[in-house]
Amino acid sequence: MADYKSYSMELGGRTLTVDIGRVGKQANGCCFMHYGETVVLSTATASRAPREGIDFFPLSVEFEEKMYAVGKFPGGFNKREGKASTHAVLTSRVIDRPMRPLFPKDYRNDVTLNNLVMSVDPTCDPEVVAMLGSSLATAISDIPFDGPCAMTQLGMIDGEFVVNPGYEEKSKSDLALTVASTREKVIMIEAGANEIPEAKMIEAIYMCDEVNKEIIKFFDQIVAEVGKEKHEYTHYEIPEELTEAIKAICPPEEMEKAVFTDDKQTRENNIAAIRDAFVEKYADNEEWMVLIDNAIYSYQKKTVRKMILKDHKRPDGRELTQIRPLSAEIDLIPRAHGSAMFTRGQTQICDCVTLAPLSESQRVEGLDPFVTKKRYLHQYNFPSYSVGETKPSRGPGRREIGHGALAERALIPMLPSEEEFPYAIRAVSETFESNGSTSMASTCASSMALMAAGVPLKKHVAGISCGLVTGDTDDDYVLLTDIQGLEDFFGDMDFKVTGTHDGITAIQMDIKIHGLTRPIVEGAIARTKEAREFIMNTCMEPCIAAPRAQVSKYAPKIMQIKIDPEKIGEVVGQRGKTINALIDMYDVSIDIEDDGSVSICGTDAANMEKAAKAIEIIVTEFEKGMILTGKVVSIKEFGAFLEFAPGKESMVHVSKIANRRINKVEDVLQVGDVVRAICLGKDKMGRISFSIKDCPKDGMEAPGRVVASADPDEE
């Protein structure tokens, strides 16, 4: 085989190796990445020409999970991998977000970053390898890119930080942090945390940043040796003459009046009027007509940024730290098990919670052996009407999946354990209206909806976003609390933080510039803490301060009992016969865990109690003196067989049926009769038998014994 170059460094106590020129030579850039026994093929490919008729950079990031990487067959009928899993989508987004700002703003060539996960070492997460591989593959390619950047994950176990934790370590960690950096600055933060204090989170972020700087030094050496010269591309710039023509129709002071309003639709109507006036005057200039939307957008952006940065004036007139008007209500949707609506300015989310047995938990088929099911699901929907547009619904896209995952991550640390609350939980956030940071509104609405549903949430969780507008130097910037859509579009940062009064539960930070200084990161985290406190104190807690004591009357009721794991087979029965009989008899659902935890779910409390008694009878050995109620299920010449619970029978000899001699059993008993009987223990043959005639009268029990009944017809 032809020669190739191989480079290695020590990273988090393991060896990271990069092979260049070994495979994938027709891609613009290709890295064969090895971290422990994890192997990921990362490629960067660009089209030869720009895509026509677009005004954005067409970047696509893929993270392909192959089940052969962990020695498994894929599930399903086709036995091959299908569409990307939720985890793969979220990983692709984490790679996309820090890399996108490092490409030229006017680059219009299609670029695909593909990461093929071929082998997984449980101690070396392939996410990290793919993140690094994408950055390096692009950096050594001829694709214009102001990199490389590097990414590090950090966990925290027993208060100690762990660099690039493996799957088992992640399952025990109080922190799941991913930080991307350039040579000088932090460029992306993604975190899930178990109420980590703000100071500890900042420490963790900059520990990752230090590791990233070491990785970039390693990457720089590789790029210096094998990096290709960057290719030329078609630049897209707005002619100065076009900008001046727009200003002639709408001078700067008029543009300020047009964009500076607290009503989104009013602003959009004002801009539409400016565009209409321009089109009416220059309709014959085809070259300008193609560029007019971009030109007006650029004009708006410069106007808004100037007013915020220089005059500290926000488009809706708020102070820099001011949150838009808040309101909250619960029980909006009568039949949902819990519901809440949270409104912040022109952003409005309605969240509906559904409770179900644990058997309804989502099964997860992926590469992580420690994640096989999801008990809590948070899903987010963003219909076109929420922004006053019209388009058909095609199901959730990557943005919707990402927003749902962020709110899910925010609330997981505050959920009760399965033992405390044996339910599967689904929260769905419906976006009624959107003008900035709907994911943070979803977090607030979900926290209230869960409490309204009777989920014993430990504490309220609120979320807010902080924005940024920067000037020409690192010290020239303005932070904005609670950014609306316009400030997000025209600003440099969307820094989302969720948490309780006591600490952070999630972070998602995206920027459009080449990194943030530490004072900006610390300032944004401080701002979001102040805002979270304000939202919880003035809006959420006055609406619902604590979880309801009971679940909704429309929610299924669940009771739990514990049995000996060795007895599970007796409850299930041959081919499920016993458990299915219990389910049909008592109109309940029954879930049994490997540790012997039994969850009984139904709507009738009496039937649930009877099902629990029946299970207890099934797993209990018959003992002398035990009194049970059973149903006659068959009659023989020598006696009758009683069923005390499905699959749990014993015989009453004909001599033990009545206090008088009877010629045949049918003189006293018929199939279907319900009777009480006392256990006589084992006979001479070692068989358990019962007696009806020796059973104490109603209301009297044998000493030290409890009368048990599992019959559905007994009062």
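Residues numbered from 1 in each chain as written. Predicted model: local features only at pLDDT ≥ 70, side-chain atom pairs only at ≥ 80, totals over all residues. Heavy atoms only, no water.

## Things to note about the packing of helix 2 (residues 126–140) against helix 4 (residues 198–226)
Quick reminder of the rule: A fitted line through C-alpha atoms serves as each axis, taken over the contacting stretch for helices, and the angle formed by two N-to-C directions is quoted from 0 to 180°. A run of H or I in DSSP becomes a helix once it reaches four residues, and a run of E becomes a strand once it reaches two; helices and strands are each numbered from the N terminus. Crossing handedness follows the turn of the near helix against the far one: under a right angle anticlockwise gives a left-handed crossing, and clockwise gives a right-handed one. Should any heavy atoms of two residues lie within 4.5 Å, those residues are considered in contact.
The N-to-C vectors of helix 2 and helix 4 enclose an angle of 30°; their axes lie 9 Å apart at closest approach. The handedness of the crossing between helix 2 and helix 4 is right-handed. Between helix 2 and helix 4, the residues in contact are Leu 132, Ser 135, Leu 136, Ala 139 and Ile 140 and Ile 215, Phe 219, Ile 222, Val 223 and Val 226, respectively.

## Let's talk about the environment of Pro 252
Of note, Pro 252 is situated in helix 6 (residues 252–259). Placed 47 residues apart in sequence, Pro 252 and Tyr 299 show a C-alpha to C-alpha distance of 8.7 Å.

## Here's the deal with the sheet that holds strand 24 (residues 597–602)
So the rule is basically this: Strands are labelled as partners when DSSP assigns at least two bridges between them.
The strand order across the open sheet formed by 3 strands is 22-24-23, and the pairing between neighbours is antiparallel. The open sheet has two free edges, formed respectively by strand 22 (557–562) and strand 23 (589–592), since each of these has just one partner strand. Strand-to-strand, the axes of this sheet are offset by a mean angle of 20°, without reference to chain direction. Pairing of strand 23 with strand 24 involves 4 bridges; the strand directions are antiparallel. Looking across to strand 24, one finds that Ile 590 is bridged to Ile 600. Along the sheet, helix 15 (residues 605–619) makes contact with strand 22, strand 23 and strand 24, crossing strand 22 at roughly 15°.

## Topic: the nonpolar core
Selection rule: The set of buried Ala, Val, Leu, Ile, Met, Phe, Trp, Tyr and Cys residues whose side-chain atoms join them within 4.5 Å is what this entry labels a nonpolar core. Each residue gets one of three labels from its accessible area relative to the maximum for its type: buried under 20%, exposed over 50%, partly exposed in between, using a 1.4 Å probe on protein chains only.
If you look at the biggest cluster of nonpolar residues, it comprises 90 residues, and the most contacted ones within it are Leu 177, Met 201, Ile 205, Met 493 and Phe 495. Per-element tally for this core: the top contributor is helix 4, with 12 residues. The next biggest cluster of nonpolar side chains, apart from the first, holds 42 residues, and it includes Leu 415, Cys 444, Leu 450 and Val 551.

## Description of the pairing of strand 1 (residues 5–11)
Sheet analysis places strand 1 next to strand 2 (residues 14–20), joined by 7 bridges and oriented antiparallel. Residue pairing in the sheet places Leu 11 in a bridge with Arg 14 of strand 2. Where strand 1 folds back on strand 2, the antiparallel hairpin that results is connected by 2 residues, among which Gly 12 adopts a positive phi of roughly 60°.

## Thoughts on helix 2
The following threshold applies: Take the number of residues in a helix, subtract one, and multiply by 1.5 Å to get its expected span. The term polar contact refers here to a pair of N or O atoms within 3.5 Å; inside protein, the definition further demands a hydrogen-donor-capable atom paired with an acceptor-capable atom, and it admits residues adjacent in sequence only when both atoms are side-chain atoms.
Helix length check: helix 2 (15 residues) gives 21 Å between terminal C-alpha atoms against 21 Å at 1.5 Å per residue, within 8%. Of all the 15 residues making up helix 2, 15 are buried; the element is thus mostly covered by neighbouring parts of the structure. Its side-chain oxygen placed 2.9 Å from the backbone nitrogen of Glu 127, Asp 125 serves as the N-cap of helix 2.

## Here we look at a nonpolar patch on the surface
This is how it is decided: Patch membership needs two things, relative accessible area over 30% and no salt bridge, and members are linked within 9 Å if like-charged or within 5 Å if nonpolar (Val, Leu, Ile, Met, Phe, Trp, Tyr). Calculation of accessible area relied on Shrake-Rupley with a 1.4 Å probe; when residues are assessed, cover is drawn exclusively from the protein chains displayed. When a carboxyl oxygen of Asp or Glu is within 4 Å of a side-chain nitrogen of Lys or Arg, the pair counts as a salt bridge.
Together, Leu 332, Ile 333, Tyr 385 and Phe 432 line one region of the surface with nonpolar side chains, adding up to about 330 Å² of accessible area. Take Tyr 385: it is sitting in the loop between strand 16 (376–381) and helix 9 (398–411).

## Quick notes on unusual backbone geometry
Note on backbone geometry: most residues besides glycine have negative phi, and most peptide bonds are trans. Note the cis peptide between Gly 147 and Pro 148, where omega equals 5°. As for its placement among the helices and strands, Pro 148 is situated in the loop between helix 2 and strand 7 (150–157). Even without being a glycine, Asn 164 presents a positive backbone phi close to 45°. With respect to the helices and strands, Asn 164 occurs in the loop between strand 8 (160–163) and helix 3 (167–172). One non-glycine residue, Asp 482, adopts positive backbone phi at about 60°. Residue position: Asp 482 is located in the loop between strand 19 (477–481) and helix 11 (485–490). Owing to a relative accessible area of 1%, Asp 482 belongs among the buried residues under this scheme.

## With respect to the confidence of the model for the protein
Using the following cut-off: Known as pLDDT, the predictor's per-residue confidence is scaled from 0 to 100.
Overall, the predicted model of the protein reaches an average pLDDT of 92, with 97% of residues at or above 70. For the stretch residues 699–710, pLDDT sits under 50, and the model shows 31 contacts to residues farther than four places along the chain or on other chains.

## Comments concerning the packing of aromatic side chains
Test applied: Any Phe, Tyr or Trp ring, taking Trp's six-membered ring, that has another such ring centre within 6.5 Å forms a pair; planes under 30 degrees apart are called stacked, those over 60 apart edge-to-face, and the others tilted. Note on geometry: a ring has a charge over it if NZ (lysine) or CZ (arginine) is within 6 Å of the ring centre and within 35 degrees of the ring normal.
Applying the stated rule across the entire model yields 15 aromatic pairs. Judged by centre distance (4.7 Å) and plane angle (40°), the ring pair of Phe 57 and Phe 103 falls under tilted. On the criterion of sequence distance, the pair formed by Phe 57 in the loop between strand 4 (38–50) and strand 5 (59–65) and Phe 103 in the loop between helix 1 (86–99) and strand 6 (109–119) is long-range, its members being 46 residues apart. A single burial state applies to Phe 57 and to Phe 103, both of which are buried. Through successive ring pairs, a cluster of aromatic residues spans Phe 57, Phe 103, Tyr 107, Phe 145 and Tyr 233. Above the plane of the ring of Tyr 236 lies Arg 108, whose end atom (NZ or CZ) is 5.6 Å from the centre. Over the ring of Tyr 206 we find Arg 518, and its NZ or CZ is 4.5 Å from the ring centre.

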